[in-house]
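Okay, here's what each chain looks like letter by letter:
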Amino acid sequence: MNQPDTIVAQATPLGYSGVSTVRLSGPLSRKILGDLCGESNLEPRKTTLLRLLNKNKDTVDRALVTFFPCPQSYTGEDVIEISCHGSPAIVEEVISLACVSGARIADPGEFTKRAFLNGKMDLIQAESVMSLIEAKTIESVCAQQKIISGELSESIQKLKSELVNSLSGLENEMDILEEEISSGFVDGLGGTIDSLINNVSTLIKSYKFGRYLTSGVQVVLTGKPNVGKSTLLNQIIGKSRSIVSETPGTTRDIIDCEVILCGVPVRLFDTAGIRETTSFVENEGVVRAKKMLQNADLILNVFDDKKDISINEDDPKQVYILNKMDLRKKKSSKKSIIHISALTGEGVGLVKNHIISSLGLRRISTDTTHISSLRQKNALDSAHLCLKKANSLIKTKNLELPLLAFELRSALDSIDTILGKTTVDDILNNIFSNFCVGK
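Rules and cut-offs
Residues numbered from 1 in each chain as written. Predicted model: local features only at pLDDT ≥ 70, side-chain atom pairs only at ≥ 80, totals over all residues. Heavy atoms only, no water. Helix = DSSP H or I, 4+ residues; strand = E, 2+ residues; numbered from the N terminus. Contact = heavy atoms within 4.5 Å. Areas by Shrake-Rupley, 256 points an atom, 1.4 Å probe, with all protein chains shown as cover. Expected span 1.5 Å × (residues − 1). Pairing = 2+ DSSP bridges. Axes fitted to C-alpha atoms, helices over the stretch in contact; angles between N-to-C directions. Buried < 20%, exposed > 50% of the residue type's maximum accessible area, 1.4 Å probe, protein only. Salt bridge = Lys/Arg side-chain N within 4 Å of Asp/Glu carboxyl O. Phe/Tyr/Trp six-rings, centres within 6.5 Å; stacked < 30°, edge-to-face > 60°. Lys NZ or Arg CZ within 6 Å of the ring centre and 35° of its normal. Core = buried A, V, L, I, M, F, W, Y, C linked by side-chain atoms within 4.5 Å. Parallel < 35°, antiparallel > 145°, perpendicular 65-115°, else oblique. Nonpolar A, V, L, I, M, F, W, Y, C, P; charged D, E, K, R; others polar. Polar contact = N/O pair within 3.5 Å; in protein donor to acceptor, adjacent residues only side chain to side chain.

Student: When you look at the overall build of the protein chain in this model, what are you seeing that I'm missing?
Tutor: Looking only at helices and strands, the protein chain has 14 helices and 12 strands in total. For the protein chain, contacts bridging at least 24 residues in sequence account for 62% of all contacts bridging at least 6. Counting every atom, the protein chain has about 22,100 Å² of accessible surface; 50% of that belongs to carbon and sulfur.

Student: Got a minute to help me understand helix α2 (residues 88-100) in this structure?
Tutor: For an α-helix, 3.6 residues make a turn, and residues three or four places apart therefore share a direction. Between its terminal C-alpha atoms α2 stretches 18 Å, which fits the 18 Å expected from 13 residues at 1.5 Å a residue. Positive backbone phi, approximately 125°, marks Gly-102, located one or two places after α2.

Student: I'm lost on the sheet that holds strand β12 (residues 337-339) in this one. Help?
Tutor: Sheet strands line up and pair through hydrogen bonds in the backbone, either parallel or antiparallel. A sheet is described by the order of its strands in space; here six strands give the open sequence β8-β9-β7-β10-β11-β12, paired in mixed fashion. Only two strands of the sheet have a single neighbouring strand rather than two, namely β8 (255-261) and β12. Within the sheet, the average angular offset between the axes of one strand and its neighbour, ignoring direction, is 25°. Of the pairings in the sheet, the one linking β8 to strand β9 (residues 264-270) comprises seven bridges and is antiparallel in character. Opposite Val-259, over in β9, you have Val-266 as the bridge partner. Contacts from helix α9 (residues 229-237) reach β7 (217-222), β8, β9, β10 (298-303) and β11 (318-322), with the element oriented near 160° to β9.

Student: Would you explain unusual backbone geometry in this entry?
Tutor: Negative phi values dominate among residues other than glycine, just as trans dominates among peptide bonds. Along the chain, Cys-70 connects to Pro-71 via a cis peptide bond; the corresponding omega equals 0°. Assignment of secondary structure puts Pro-71 in the loop between β4 (59-68) and β5 (79-86). With phi around 60°, Arg-45 is a residue other than glycine that occupies positive phi space. Positionally, Arg-45 belongs in the loop between α1 (29-37) and β3 (48-53). Residues other than glycine seldom take positive phi values, yet Lys-57 does so here, at roughly 65°.

Student: Can you walk me through the sheet that holds strand β2 (residues 17-25) in this structure?
Tutor: Taken in spatial order, the six strands of this open sheet run β3-β4-β5-β2-β1-β6, and their pairing is mixed. What marks the edges here is a single partner per strand, and that holds for β3 and β6 (103-105). Ignoring strand direction, the axes of neighbouring strands in this sheet form an average angle of 35°. Inspection of the sheet shows strand β1 (residues 6-10) paired to β2 by four bridges, in the antiparallel sense. Residue pairing for β2: Ile-7 is matched across the bridge by Ser-25. Across the sheet, helix α3 (residues 110-117) touches β1, β2 and β6, and the angle it forms with β1 is around 140°.

Student: Where do I start with the side chain of Gln-376 in this structure?
Tutor: If you trace the backbone, Gln-376 turns up in helix α12 (residues 374-394). On the accessibility criterion, Gln-376 (3% relative accessible area) is buried. With residues up to four places along the chain from it excluded, the contact list for Gln-376 reads Ile-124, Glu-127, Leu-152, Ile-371 and Ile-418.

Student: Even after reading the chapter, I still don't get the pattern of salt bridges, so can you show me in this structure?
Tutor: Close approach of charged atoms allows side chains with opposite charge to pair. A complete count under the given rule lists 19 salt bridges for this structure. One salt bridge connects Arg-114 with Asp-5, and the closest N-O pair in it is separated by 2.7 Å. With Arg-114 in helix α3 and Asp-5 in the segment before β1, the pair connects residues that are 109 residues apart, well separated along the chain. Given the relative accessible area of 2%, Arg-114 is considered buried. The residue Lys-31 makes a salt bridge to Asp-35 at a minimum N-O spacing of 3.0 Å. Residue Lys-31 and its partner Asp-35 are both found in helix α1; the two are separated by four residues, about one turn of the helix.

Student: So what exactly am I meant to see when it comes to the packing of aromatic side chains here?
Tutor: Pairs of aromatic rings are described using the distance from one ring centre to the other and the angle between the two planes. Per the stated rule, a full pass over the model turns up one aromatic pair. For the pair Phe-209 and Tyr-212, a centre-to-centre distance of 5.8 Å together with 55° between the ring planes defines the contact as tilted. Of this pair, Phe-209 and Tyr-212 both sit in helix α8 (residues 207-215), three residues apart, which is roughly one turn of the helix. When sorted by exposure, Phe-209 lands in the same class as Tyr-212, which is buried. Note that Arg-23 overlies the ring of Tyr-74, its terminal NZ or CZ placed 5.7 Å from the centroid. Of note, Arg-23 hangs over the ring of Phe-111, and the distance from its end group to the ring centre comes to 5.4 Å.

Student: Before we go on, may I ask you to explain the nonpolar core in this structure?
Tutor: A general tendency of soluble globular proteins is for nonpolar side chains to be buried together. If you look at the biggest cluster of nonpolar residues, it comprises 36 residues, and the most contacted ones within it are Ile-156 and Leu-380. Mapped by element, the contributors of at least two residues to this core are α6 (151-176), α7 (183-205), α12 and α13 (401-419). Once you skip the residues sitting within four places of it in the chain, Leu-380 turns out to touch Ile-156, Val-200, Leu-203, Ile-204, Ile-371, Ile-415 and Ile-418. Of all hydrophobic cores here, the second largest spans 33 residues; its members include Ala-143, Tyr-212, Cys-257 and Ile-321.

Student: Please explain the packing of α9 against helix α11 (residues 348-359) as it appears in this structure.
Tutor: When two helices pack together, their arrangement is given by the angle between the helix axes and the distance between those axes. Contact geometry for α9 and α11: axes closest at 10 Å, N-to-C directions at 75°. The pairing of α9 with α11 is recorded here as roughly perpendicular in orientation. Between α9 and α11, the residues in contact are Leu-232, Gln-235 and Ile-236 and Val-348, Val-351 and Lys-352, respectively. Within the contact of α9 with α11, the residues separate by chemical class into four nonpolar, one polar and one charged.

Student: Would you mind showing me how to read the pairing of β3 here?
Tutor: Within a regular strand, side chains alternate between the sheet's two faces. The sheet contact formed by β3 and β4 spans six bridges and is antiparallel. Paired with Leu-52 across the strands is Asp-61, a residue of β4.

Student: How do you make sense of the environment of Ser-20 when you look at a structure like this?
Tutor: Along the chain, Ser-20 turns up in strand β2. At a separation of 3.3 Å, a polar atom in the side chain of Ser-20 contacts the side chain of Ser-17.

Printed below as a string of structure tokens:
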């Protein structure tokens, strides 16, 4: 499905650098290269030093040029990569000259979108390209590389093959059925559906850690004003990020920063002290703090008086921290309370370890393939629901084969959506619009 037009974009970050790369993809790539440097017959995948010329035949730059012929390229089209000096003026001129010769500026993610449309990768792999670019830790890089290599796609394809085989057998039974369906066929199909449910459930459960590696986790510090939330945050990250003051209500807005724990980006949010106030600005900070608590993966409740602590044992998201132990002679005997001195740093290591253990960060393994996209999880949830309905149908006394076939087809449609086989254009456009230009 090669596109009729040719696109161009800078593939390296904007700004000054030693080298910048301009990428072309499409049927006019070689013709445009000929206009730029008078040479279009390059040996595939061999880097060649060429002069880039403007319309007056003045030298714009001397650049390393590589030609990747269709279909053995990233996009599946003719691709030219020009590595020039990293001056924004040079890059802008090269792109401008390419547009004069027939190219157009690429949309965000259009190179990868063309790779998907031309069958160079499925939608799972395409999404993982963006996650790889945005990866903040080497653990996240390794996880995304496994997906790009096709490991997750293979697992999804296996689910699809089992569903297709089950549907084929069911359709055959429906076509030739003249009397009651055999118990052997029903038992075999039921076993396959049970297996599919378990495999889909395993993939859905992997989303939690996949999201952690890709997007990180949100840990929110909350409590009354002046209990030491800001001081604790500064101790955890090892530098001053929040303003510390003895005046209650100093933190009016949400302050956030990031620390890496067990290869996972942990974003810490220092919120306004929660109390009744007549100050409009402080009250707005309290409202925002309460909203942030709803989306938190973990909540650090900070106190400086044990009388204020009311422990909810049924909520694993809640962590209870009693600060200012340096001013206190006696400690609470409750194991669910972490005693610290945010001022001296004593006990802060226990808080870090509790964050790690509460979120299960030590259990994250890059040897396991995780799903990391909410779109993928939603599709798997839909497939899982259809399979559960099919499982209930097959256990009924008067089995209705058309209804069973409908649920299996619906599950198959959801699986196809994950791979991009039946994904509608507006979803595709939304996915690739989040990519950077040039990728």
